[in-house]
Amino acid sequence: MSKPLAELYLERGRLLERIVHQRVVVAQHLMPVQHALDVGQKFLTLWLQGVAYVKARPWLVAVALVTVLVVKPRRVLPWALRGVGLWRGWRALQAAIPLGLRDAASQLLQRQPSR
């Protein structure tokens, strides 16, 4: 036979209290994860701001390169070769990543932070 309506409401109230308690416990357990995500979001925001700054001022990059070439030309060649190697490796890695995953990652990086 089915339970009386009062018992069902009482059981429902207990379940709702249990749900609230479980949500509090989960929120407490996820606090370190939230901190890590906040740090990552701050880093991403700073990175995107830096990229925008450099894109808005390409002459700054040119001046820095010319200065380095003039001051220490013998040290520039090995570093330039390392840079080219890193760039080629990055391009090869991008080519190896499936297109759908690359598009999803690109959209994630282009999204503006909500804060």
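Please read these numbers as outputs of a predicted model, since none were measured by experiment.

Examining the packing of helix H2 (residues 31-56) against helix H3 (residues 58-71)
Moving on, step 1. At their nearest, the axes of H2 and H3 sit 4 Å apart, and the two run at 85 degrees to each other. With respect to H3, the element H2 is oriented roughly perpendicular. Contacts between H2 and H3 pair Tyr-53, Val-54, Lys-55 and Ala-56 from the former with Pro-58, Leu-60 and Val-61 from the latter.
Moving on, step 2. For the contact of H2 with H3, the class distribution of residues is 6 nonpolar, no polar and 1 charged.

Some points on the packing of aromatic side chains
Moving on, step 1. Counted by the stated rule, this structure contains 0 aromatic pairs.
Moving on, step 2. Over the face of the ring belonging to Trp-79 we find Arg-82, whose NZ or CZ atom lies 4.4 Å from the ring centre.

Focus on the environment of Ala-92
Moving on, step 1. One can find Ala-92 in helix H4 (residues 73-96).
Moving on, step 2. We classify Ala-92 as partly exposed; its relative accessible area is 47%.

Regarding a nonpolar patch on the surface
Moving on, step 1. Taken together, the side chains of Tyr-53, Val-54, Trp-59, Leu-60, Val-61, Val-63 and Leu-65 present a nonpolar region at the surface, about 650 Å² in accessible area.
Moving on, step 2. Of all elements in the fold, only H2 and H3 reach the threshold of two or more residues within the nonpolar patch.
Moving on, step 3. Looking at the nonpolar patch element by element, the count peaks at 5 residues for H3.
Moving on, step 4. Counting through the fold element by element, Tyr-53 comes out in helix H2.

Conventions adopted
- Residues numbered from 1 in each chain as written.
- Predicted model: local features only at pLDDT ≥ 70, side-chain atom pairs only at ≥ 80, totals over all residues.
- Heavy atoms only, no water.
- Axes fitted to C-alpha atoms, helices over the stretch in contact; angles between N-to-C directions.
- Helix = DSSP H or I, 4+ residues; strand = E, 2+ residues; numbered from the N terminus.
- Parallel < 35°, antiparallel > 145°, perpendicular 65-115°, else oblique.
- Contact = heavy atoms within 4.5 Å.
- Nonpolar A, V, L, I, M, F, W, Y, C, P; charged D, E, K, R; others polar.
- Phe/Tyr/Trp six-rings, centres within 6.5 Å; stacked < 30°, edge-to-face > 60°.
- Lys NZ or Arg CZ within 6 Å of the ring centre and 35° of its normal.
- Buried < 20%, exposed > 50% of the residue type's maximum accessible area, 1.4 Å probe, protein only.
- Patch = residues over 30% accessible without salt bridge, like charges linked within 9 Å, V, L, I, M, F, W, Y side chains within 5 Å.
- Areas by Shrake-Rupley, 256 points an atom, 1.4 Å probe, with all protein chains shown as cover.
- Salt bridge = Lys/Arg side-chain N within 4 Å of Asp/Glu carboxyl O.

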